[in-house]
Amino acid sequence: MKHPTGRWIVLPDATSVRDAALQRLADAATRAQAERGVFHVALSGGSTPRRLYEAWRHLEGFDWGRTEVFWGDERAVSPRHDDSNYHMAWETLLRHVAIPSASVHRMPADSDDLDGAARRYESLLRSRLGAPGRLDLVLLGLGTDGHTASLFPGMPSLSETRRWVVATPAPVIAPRLTGTATLFNAAREVVFLVTGDTKRHAVSRIRSGTDGTDALPALLIQPRDGMLTWLLDRRADASDNAVP
Ligand code: 6PG
């Protein structure tokens, strides 16, 4: 049995989840920029964060000049492809804000050598984060099969304990680059965004604790010395009193 840790916050709807995530980003950025002069954030892919990114670009007073953006995972497609996590974040957020281009660290999953690309991205992370290598905030989603980032059930990436970034096959869309649980669990904060009826079954499996991490990779995410927050809307929540 492996029960999820962290705070579970169930909100009325996806807009409330978006707004709560925006507040977490603003707070984490303010703290990081005050304490270390820079905010290192890893973006999630998929469709759930779109609304967050669209709102984030309007966030008054956010200091993009002292923010560096990374990705938690990326599909092996062109950065101009609709399936690209970079493309989605660029179109909804990054092209609209005054972030220096040198602070946008795209995962080069369009490389012919995915393993080499994973090693290069890990080197980049190590150089930008310095020791001990802690992202300030990682945004993650939850797949209907319990995956997160591109950590998919049954894949070797789930047992990787040394590397921060690996190449992995994926059941949908394309092979991937993904951060590992080692990278995510070193973060100062991890925020899951989970909305919609399609996630209820995965959420119920996670909350029941009956499945192991091989079947439910999202359970691997338990930051050692960081804050973990699950932001769900009522439609995704599978607790007893949930009213979809
Ligand atoms: C990816 C994402 C992935 C995503 C979940 C949820 O590259 O596919 O990183 O982990 O967060 O699959 O996706 P939706 O938000 O589209 O439901």
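Because the structure is a prediction, the values reported are computed rather than measured.

Asks: Can you help me understand the sheet that holds strand E1 (residues 7-11) in this one?
Replies: Sheet strands associate in pairs through backbone hydrogen bonding, adopting either a parallel or an antiparallel arrangement. Here we have six strands laid out as an open sheet, ordered E1-E9-E8-E5-E2-E3, and parallel in their pairing. Because the sheet does not close on itself, it has two edges, and the strands there are E1 and strand E3 (67-71). Adjacent strand axes in the sheet meet at a mean angle of 20 degrees when their direction is disregarded. Bridging between strand E2 (residues 39-43) and strand E5 (residues 137-140) involves two bridges; their strand directions are parallel. Residue Val 41 lies in a different strand from E5, and its bridge partner there is Leu 137. In this fold helix H1 (residues 14-36) packs onto E1, E2, E3, E5, strand E8 (189-194) and strand E9 (227-233), with an angle of close to 160 degrees to the strand it touches most, E9.

Asks: Can you walk me through the environment of Ala 238 in this structure?
Replies: Assignment of secondary structure puts Ala 238 in the segment after E9. By relative accessible area, which is 25% here, Ala 238 ends up partly exposed. For the pair formed by Ala 238 and Arg 205, sequence separation is 33 residues and the distance between their alpha carbons is 8.8 Å. Contacts of Ala 238, omitting those with residues within four sequence positions, involve Arg 200, Val 203 and Ser 204.

Asks: Looking at this structure, how should I read the pattern of salt bridges?
Replies: Oppositely charged side chains can form a pair if their charged atoms are brought close together. For the structure on display, the rule yields 18 salt bridges. Arg 126 is the partner of Glu 122 in a salt bridge, and the nearest nitrogen-oxygen pair spans 3.0 Å. You can see Glu 122 and its partner Arg 126 sitting in helix H4 (residues 114-129), four residues apart, about one turn around the helix. Asp 225 serves as the salt-bridge partner of Arg 134, at 3.8 Å between the closest nitrogen and oxygen. Within this pair, whereas Arg 134 is found in the loop between H4 and E5, its partner Asp 225 is found in the loop between helix H6 (200-208) and E9, the two being separated by 91 residues in sequence. We classify Arg 134 as buried; its relative accessible area is 18%.

Asks: It is not clear to me how the environment of Glu 74 should be interpreted in this structure. Could you clarify?
Replies: In this fold, Glu 74 is placed in strand E4 (residues 73-75). For Glu 74, a relative accessible area of 3% translates into the label buried. Considered as a pair, Glu 74 and Val 38 are 36 residues apart in the sequence and their alpha carbons are 23 Å apart. At 2.7 Å, the side chain of Glu 74 forms a polar contact with the backbone nitrogen of Asn 85. A distance of 2.7 Å separates a polar side-chain atom of Glu 74 from the backbone nitrogen of Tyr 86.

Calculation notes
Residues numbered from 1 in each chain as written. Predicted model: local features only at pLDDT ≥ 70, side-chain atom pairs only at ≥ 80, totals over all residues. Heavy atoms only, no water. Pairing = 2+ DSSP bridges. Helix = DSSP H or I, 4+ residues; strand = E, 2+ residues; numbered from the N terminus. Axes fitted to C-alpha atoms, helices over the stretch in contact; angles between N-to-C directions. Contact = heavy atoms within 4.5 Å. Buried < 20%, exposed > 50% of the residue type's maximum accessible area, 1.4 Å probe, protein only. Salt bridge = Lys/Arg side-chain N within 4 Å of Asp/Glu carboxyl O. Polar contact = N/O pair within 3.5 Å; in protein donor to acceptor, adjacent residues only side chain to side chain.

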